[in-house]
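Each chain is listed here by its residues.
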Amino acid sequence: MGIITVSREFGSGGRELAKKLAEKLGYKYFDKSIITAVSEEGKLSEGYIENALNKINDFTYTQRSSFNFYSTHQKYVTDILIMERKVIQELAKKGNCVIVGRGADVILKEEKTIDLFVYADMQAKINRCKENLSKEEVLTDKELDKKIKAIDKARQKFYLMLGQDNWGQKENYDFCINTTNANLDKLATGLASLFKSYLGEK
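Nothing here was measured: the structure is a model prediction, and the numbers come from that model.

Enquirer: Sorry, what's going on with the overall build of the chain here?
Expert: The secondary structure content of the chain amounts to nine helices and five strands. Seen in sequence order, the chain has helices and strands lined up from the N terminus as β-α-β-α-α-α-α-β-α-β-α-α-β-α. By residue count, 43% of the 202 residues in the chain fall in the buried class. When contacts within the chain are restricted to residue pairs at least 6 apart in sequence, long-range pairs at least 24 apart make up 73% of them. Of the roughly 11500 Å² of accessible surface on the chain, 50% is carried by carbon and sulfur atoms.

What follows is the structure, encoded as structure tokens:
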């Protein structure tokens, strides 16, 4: 059974690469569906879950909140993380799959997973973000640089919430892929062939 986890820098194209990789391997693909499953498990809205996980990393939010309120909120986040862990473990049991983000590489560390980290240089990430902006969104390179760094910092903090401090450190992944000048479709094709060989598949 092949379980591939994909962690990525914001703007690196990691989600798109993961989806293409899953398609070429014929694997199930899990991304936003994890949050959906957690919302069903805990009978909470998807928006609430996203908001709760984001706010735990917001310094100004915690500074303005009372200790009791923060402690209560932290308990809710802990409960969500427990549900998320359960969902990811259940998804992994269903067979060959590619799981994007949500600390799956940490949660499934006792499983035989292939852990992939996707990164790119800042200008490449800025350019990719520009391509995905809606017509109503007008952000300068400087603003996008700040946004990218803030999101990646939040991802590092999310790993700390899981008890790990190794997000983005190459020694903690099986493969690190630089997408700076890559054609993601061709890269996915190459990775699919590599991973099939790695897993002993034909």
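From this point, the discussion proceeds with the structure in view.
Enquirer: Can you walk me through the packing of aromatic side chains in this structure?
Expert: The geometry of two aromatic rings is summed up by the distance between their centres and the angle between their planes. Using the criterion set out here, one finds three aromatic pairs in the structure. For the ring pair Phe117 and Trp167, a centre distance of 5.4 Å and an interplane angle of 85° mean the geometry is edge-to-face. Of this pair, Phe117 sits in strand E4 (residues 113-119) while Trp167 sits in the loop between helix H8 (141-161) and strand E5 (175-178), and the two are 50 residues apart along the sequence. Residue classification places Trp167 among the buried residues on the basis of a relative accessible area of 10%. Ring plane angle 55° and centroid distance 5.1 Å describe the contact between Phe175 and Phe195, whose orientation is recorded as tilted. In this pair, Phe175 is assigned in strand E5 and Phe195 in helix H9 (residues 184-199), connecting sequence segments 20 residues apart. Here Phe175 and Phe195 have matching classes, each one buried.

Enquirer: Sorry, what's going on with the pattern of salt bridges here?
Expert: It is possible for side chains bearing opposite charge to pair when their charged atoms get close. Tallied over the entire structure, the rule returns nine salt bridges. In this structure, Lys24 and Asp185 form a salt bridge, with 3.2 Å as the shortest nitrogen-oxygen distance. Here the residue Lys24 occupies a position in helix H1 (residues 14-25), and Asp185 occupies one in helix H9, the gap between them amounting to 161 residues. On the basis of relative accessible area, Lys24 is assigned to the partly exposed category, the value being 31%. The partner of Asp145 in a salt bridge is Lys149, with the nearest N and O atoms 3.1 Å apart. Of the two residues, Asp145 and Lys149 are both situated in helix H8; the distance of four residues between them amounts to about one turn of the helix. The network of salt bridges with common partners includes Glu9, Lys125, Asp152 and Arg155.

Enquirer: How do you make sense of the packing of helix H7 (residues 122-132) against H8 when you look at a structure like this?
Expert: A packed helix pair is summarised by two numbers, namely the angle formed by the two axes and the spacing between the axes. Relative orientation of the contacting elements H7 and H8 amounts to 105°, with a least axis distance of 10 Å. Taken together, the axes of H7 and H8 are roughly perpendicular relative to one another. Contacts between H7 and H8 pair Met122, Gln123, Lys125, Ile126, Cys129 and Lys130 from the former with Asp141, Leu144, Asp145, Ile148, Lys149 and Asp152 from the latter. Class assignment of the residues belonging to the contact of H7 with H8 gives a composition of five nonpolar, one polar and six charged.

Calculation notes
Residues numbered from 1 in each chain as written. Predicted model: local features only at pLDDT ≥ 70, side-chain atom pairs only at ≥ 80, totals over all residues. Heavy atoms only, no water. Helix = DSSP H or I, 4+ residues; strand = E, 2+ residues; numbered from the N terminus. Buried < 20%, exposed > 50% of the residue type's maximum accessible area, 1.4 Å probe, protein only. Contact = heavy atoms within 4.5 Å. Areas by Shrake-Rupley, 256 points an atom, 1.4 Å probe, with all protein chains shown as cover. Phe/Tyr/Trp six-rings, centres within 6.5 Å; stacked < 30°, edge-to-face > 60°. Salt bridge = Lys/Arg side-chain N within 4 Å of Asp/Glu carboxyl O. Axes fitted to C-alpha atoms, helices over the stretch in contact; angles between N-to-C directions. Parallel < 35°, antiparallel > 145°, perpendicular 65-115°, else oblique. Nonpolar A, V, L, I, M, F, W, Y, C, P; charged D, E, K, R; others polar.

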